[in-house]
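Coordinate analysis (summary)
Given next are the chains, with one letter for each unit.
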Amino acid sequence: MKARLKSFGYALNGIREVIKSEMNMRIHLAASLLVIIMGLIFSLNWIEWIFIIICIALVLSAEIANTVVEKYLDTMHPEFNPNIGHIKDMAAAAVLILALSSFIIGMIIFIPKIIDLLT
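Notes on the structure follow. Everything quoted here is computed from the prediction, not taken from an experiment.

Bringing the nonpolar core into the picture now. Counting nine residues, the largest nonpolar core consists of Val-18, Met-25, Phe-42, Leu-44, Ile-52, Ile-56, Leu-60, Ile-109 and Phe-110. Secondary-structure elements contributing two or more residues to this core are α3 (46-76) and α4 (82-118). With three residues, the single largest contributor to this core is α3. Sequence-distant contacts of Ile-109, that is, excluding residues within four places in its chain, are made with Leu-44, Glu-48, Phe-51 and Ile-52.

Contact geometry of α3 with α4 gives a least axis separation of 9 Å together with a crossing angle of 165 degrees. Relative to α4, the element α3 lies roughly antiparallel. In terms of crossing hand, the pair formed by α3 and α4 is left-handed.

What follows covers the pattern of salt bridges. Applying the stated criterion across every chain yields a total of four salt bridges. The salt bridge partner of Glu-22 is Lys-71, with a shortest N-O separation of 3.7 Å. Placement of the pair is Glu-22 in the loop between α1 (2-21) and α2 (23-41) and Lys-71 in helix α3, with a sequence separation of 49 residues. Since its relative accessible area comes to 17%, Glu-22 is described here as buried. Lys-71 sits in the partly exposed class, given a relative accessible area of 41%. Ionic pairing is found between Asp-74 and Lys-88, a salt bridge with its closest N-O pair at 2.6 Å. With Asp-74 in helix α3 and Lys-88 in helix α4, this residue pair connects regions lying 14 residues apart in the sequence.

Reading the values: rules and limits
Residues numbered from 1 in each chain as written. Predicted model: local features only at pLDDT ≥ 70, side-chain atom pairs only at ≥ 80, totals over all residues. Heavy atoms only, no water. Core = buried A, V, L, I, M, F, W, Y, C linked by side-chain atoms within 4.5 Å. Buried < 20%, exposed > 50% of the residue type's maximum accessible area, 1.4 Å probe, protein only. Helix = DSSP H or I, 4+ residues; strand = E, 2+ residues; numbered from the N terminus. Contact = heavy atoms within 4.5 Å. Axes fitted to C-alpha atoms, helices over the stretch in contact; angles between N-to-C directions. Parallel < 35°, antiparallel > 145°, perpendicular 65-115°, else oblique. Left-handed = near helix turned anticlockwise from the far one by under 90°. Salt bridge = Lys/Arg side-chain N within 4 Å of Asp/Glu carboxyl O.

Next up, the structure:
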């Protein structure tokens with residue numbers, strides 16, 4: 001049980017480290033907080049919350065994975081290498097695709113609610 005709790009602590013340390021070191025993670029967290037606040041304001045139903053939670057979890061996890069790829073490659077290959085640059089770009093592209101998809105899902109959920117509020 002102690003080992004399990006210790007590994008949970010390591011994961012929390014990883015989250016703290018990526019928040020501390022990565023501006024993009026802080027941006028994603030701020031956007032996530034804004035979406036959660038909007039979800040509370042607009043009283044999302046449980047299905048909408050499921051989509052929001054999945055989107056947030058995927059984007060944050062992808063940002064962490066991207067950070068791992070970048071830090072690993074920077075450590076293992078500190079010299080400039082165009083192939084390494086392409087790999088890092090592709091990892092960042094995965095985050096971008098998830099973030100854009102999540103934005104679209106958010107718009108599908110929130111735009112009708114905003115229109116209802118304004119009419």
